[in-house]
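Now for the letters of each chain:
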Amino acid sequence: MIGLGFVYLVAGSFFAACAILGAADRRWGNALFHALLAVSFFFGDRIGDVGNGVLVLALVAVATSGRMRRGEPVEPTSPQGPLLALALVIPAAALGGTLLFKQVPALVDPGQVTLVALAVGVLLALALCWLILRRTPVEGVRAGRRLLDEIGWAAVMPQLLASLGAVFALAGVGEVVGGLVGGAIPDGSVLGATIAYGLGMALFTVVMGNAFAAFPVMAAAVGIPLLVRHYGGDPAPVAAIGMLAGFCGTLLTPMAANFNIVPAALLELKDRYGVIRAQAATALPLLLFNILLLWWVIR
Amino acid sequence: MLVLSGVAVIALGFLLRFNPLLVIVVAALVTGLAAGLDPLAVLARFGHAFNETRYVTAIYMVLPVIGLLERSGLQARARSLVAGLKGLTVGRLLAGYLLFRQLSAALGLNAVAGHAQTVRPLVAPMAEAAAEGQGATDTERVRALAAATDNIGLFFGEDIFIAIGSILLMKGVLDGYGIHIEPFHLSVWAIPTAIAAFLIHGVRLWLLDRGLARARVRAGASR
């Protein structure tokens, strides 16, 4: 069955090729970083948990060594060929593949259709670029390597943060935060409990970088015992709007690196927090809206 | 309370601008030690989670295609497309993209767009070209706003789709309390916030257009 294994083979091959090209260009820090990523994608399932932990430490050591260099600028040629159509190949493949692969659960892992479709789209787009633009996949990897170097070590930050979340869960950070928030609510106030729940979702999401980690905690501390059981709120809006209050927190935190930090690097912004600054004026009024809406529904 | 020391490490580390990767690893170690775990167990847990979340990093496989198309002049082509459309302002362009992103995410099509797939190669250069046509000089802010618009559209569209991870997580958590709810009832409650998100962000984009127009009038008057 085609699943994550195929996706990791495609992504791992890209990282391995970046490592080889980086070494050829004597960009040793970048080459080592990409080689470690390739090892993770090819052999991650075979080197054990401690092995993976050591691999992470090696990645962090390379990232903090100061030996990773930015991508070198290149001048694009004047536009030729059906570039916009080719740019839509990957989105179209993601769309078509997601719908199509769901019909063949025996062939493609139903849980991974989107990632598989993306990987197929990448291979298809590279083949079409070769055919139509006469640009080889090796040129593609070279151009992709430059973009990856532009992102630099921030490329693995989302994955590291997700792993930190796992350690937080193991250590019981959520229960402690939930207890603190639960203890701060004035008795008998629906509005107070709603504010504590909505703000708690947003703040805990800011800390964890992920509303998914905040939801079970805040549901246990405030949402279920107070809003649903004590004040008789409908559990559907309590859950749904609470989660969306958490998403407002996601817009405000560098801990949600794949949404907020990686794009800043990818768009070559000088300000690492530029995307968060652009989001704050939407996120804060929307958080207020969510809290008021939930209060209106429960009261 | 002691387990919160890891959170303090994160906050301080980010504030003092240490390398974030180093801050994250130290925070994990501090949290684990505070919870009474031995360092090797923390390392193993961290390594295990890192291996299980590789799919987050797999998205970079699109970069060879994006890089190749950019070298062939994709961004210039996207800009000339904007120049050919009269009356297309940066605010209208991004509001249109916001609506597209919300609607496609509401249908469960999250990966159709994204920072690597669409924002960097298409949306950001188009927004920059439109803003420059309106006399904008701070294109860095326009690029940041393009990325912000993608995030907002995704976050406040996807929860309308009944099979998305967050809906399934909510259902699972509520099940644990003996509260059984159909995913549909959860996704319906995402609609008011989706509309509010479009209106709030839409007003900001409209104000951006208006601000650019006023700056231009002022510049014209002072000349």
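None of the values given here were measured: they were computed from a predicted structure.

Caption draft 1: Expanded view of the overall build of chain B. Per the secondary structure count, chain B includes 11 helices and zero strands. Each helix (α) and strand (β) of chain B, taken in turn from the N terminus, gives the series α-α-α-α-α-α-α-α-α-α-α. In terms of overall dimensions, chain B is more spread out than a globule: its C-alpha atoms have a radius of gyration of 22 Å, far above the 17 Å expected for 223 residues. By principal-axis analysis of the C-alpha atoms, chain B measures approximately 70 × 45 × 35 Å.

Caption draft 2: Representation of the overall build of chain A. When you go through chain A residue by residue, the secondary structure sums to 15 helices and zero strands. If one aligns the C-alpha atoms of chain A with their principal axes, the spans along those axes are about 70 × 45 × 40 Å. The 299 residues of chain A split such that 56% are buried. Considering only residue pairs separated by 6 or more positions, chain A has 72% of its internal contacts joining residues 24 or more positions apart.

Caption draft 3: A look at the UniProt feature "transmembrane region" (unreviewed entry) in chain A. Residues and elements named next belong to chain A. When the UniProt feature table is mapped onto this chain, "transmembrane region" (unreviewed entry) is found at residues 6–23, 50–69, 81–101, 113–133, 153–174, 194–224, 236–256 and 276–298. Counting secondary structure, residues 6–23 comes out at 100% helix and 0% strand; the distance between its end C-alpha atoms is 26 Å. When the span residues 50–69 is considered, its composition is 75% helix and 0% strand, and the gap between its end C-alpha atoms is 29 Å.

Caption draft 4: Layout of the interface of chain A and chain B. Each side of the interface is counted separately: chain A has 112 residues, and chain B has 98 residues. Of the residues forming the side of chain A that touches chain B, the biggest block, 13 residues, is contributed by helix α8 (residues 157–171) of chain A. Each residue belonging to the side of chain A that touches chain B can be placed in one class, and the counts come to 82 nonpolar, 23 polar and seven charged.

Caption draft 5: View of the confidence of the model for chain B. Residues and elements named next belong to chain B. Of the residues in chain B, 99% reach a pLDDT of 70 or more, and the chain-wide mean stands at 90. Across chain B, element-level confidence peaks in helix α8 (residues 139–158) with a mean pLDDT of 96 and bottoms out in helix α9 (residues 165–176) with 84. Confidence estimates for the predicted assembly give a pTM of 0.87 and an ipTM of 0.88.

Caption draft 6: Layout of the UniProt feature "transmembrane region" (unreviewed entry) in chain B. Residues and elements named next belong to chain B. Taking the numbering used here, the UniProt-annotated feature "transmembrane region" (unreviewed entry) corresponds to residues 20–43, 55–74, 152–174 and 186–208. In residues 20–43, helix accounts for 83% and strand for 0%; the two terminal C-alpha atoms are 18 Å from one another. As a span, residues 186–208 carries 91% helix and 0% strand, and end to end its C-alpha atoms are 34 Å apart.

Caption draft 7: Structural view of the domain arrangement of chain B. Split into domains, chain B comes out as domain 1 (2–52) and domain 2 (85–222). Using C-alpha coordinates to define each centre, domain 1 of chain B is positioned 33 Å away from domain 2 of chain B.

Caption draft 8: Local environment of the environment of G152 of chain A. All names here are of chain A. Locating G152 in the fold gives a position in the loop between α7 (137–151) and α8. With 47 residues separating them along the chain, G152 and P105 place their C-alpha atoms 37 Å apart. For G152, the residues in contact, after removing those within four places along its chain, are M68, R70 and A265.

Caption draft 9: Representation of helix α3 (residues 48–64) of chain A. Compared with the 24 Å implied by 1.5 Å per residue over 17 residues, the 24 Å span of α3 of chain A between its first and last C-alpha is a close match. If you check which residues of α3 of chain A are buried, you get N52, G53, L55, V56, L59, V60, V62 and A63 of chain A. Structurally, α3 of chain A contributes buried residues whose contacts are with α2 (28–43) and α8 of chain A together with α2 (20–34) and α3 (39–52) of chain B. Following α3 of chain A by one or two positions, G66 of chain A has its phi on the positive side, about 75°.

Caption draft 10: Structural detail: the packing of helix α15 (residues 274–298) of chain A against α8 of chain B. Closest axis-to-axis distance for the α15 of chain A/α8 of chain B pair is 8 Å, and the angle between their directions is 60°. Between α15 of chain A and α8 of chain B, the crossing angle belongs to the class labelled oblique. You can see that α15 of chain A and α8 of chain B cross each other, and the crossing is right-handed. Between α15 of chain A, through G274, V275, R277, A278, Q279 and T282 of chain A, and α8 of chain B, the contact on the second element is made entirely by E140, R141, A144, L145, A147, A148, N151 and I152 of chain B. The residue inventory of the contact of α15 of chain A with α8 of chain B, partitioned by class, reads seven nonpolar, four polar and three charged.

Caption draft 11: Main features of helix α4 (residues 63–71) of chain B. All names here are of chain B. For α4, the buried fraction is high: eight of the nine residues fall into the buried class. What α4 keeps buried is the set L63, P64, V65, I66, G67, L68, L69 and E70. Where α4 terminates, the next one or two residues include G73, which has phi positive at roughly 100°.

Caption draft 12: Layout of the nonpolar core. M218 and A240 of chain A together with V62, V65, L94 and A127 of chain B are the most contacted members of the largest nonpolar core, which has 193 residues in total. With 13 residues, helix α11 (residues 211–230) of chain A is the largest single contributor of residues to this core. Among residues more than four places away in sequence, those in contact with A240 of chain A are D159, M170, L186, W189 and A190 of chain B.

Caption draft 13: Inspection of the domain arrangement of chain A at higher detail. Residues and elements named next belong to chain A. When the domains of chain A are assigned, the result is domain 1 (4–70 + 81–157) and domain 2 (172–298). If you look at the interface, domain 1 gives six residues, while domain 2 gives six residues. Class assignment of the residues belonging to the side of domain 1 that touches domain 2 gives a composition of four nonpolar, one polar and one charged.

Parameters at a glance
Residues numbered from 1 in each chain as written. Chains lettered and ligands numbered in written order. Predicted model: local features only at pLDDT ≥ 70, side-chain atom pairs only at ≥ 80, totals over all residues. Helix = DSSP H or I, 4+ residues; strand = E, 2+ residues; numbered from the N terminus. Rg over C-alpha atoms; globule rule 2.2 N^0.38 Å. Buried ≥ 20, exposed ≤ 12 C-beta atoms within 10 Å, placed from the backbone. Contact = placed C-beta atoms within 7 Å. UniProt positions renumbered as here; feature names shortened; annotations may be inferred. Nonpolar A, V, L, I, M, F, W, Y, C, P; charged D, E, K, R; others polar. pLDDT = per-residue confidence, 0-100. Domains from an automatic or database assignment. Expected span 1.5 Å × (residues − 1). Axes fitted to C-alpha atoms, helices over the stretch in contact; angles between N-to-C directions. Parallel < 35°, antiparallel > 145°, perpendicular 65-115°, else oblique. Left-handed = near helix turned anticlockwise from the far one by under 90°. Core = buried A, V, L, I, M, F, W, Y, C linked by C-beta atoms within 7 Å.

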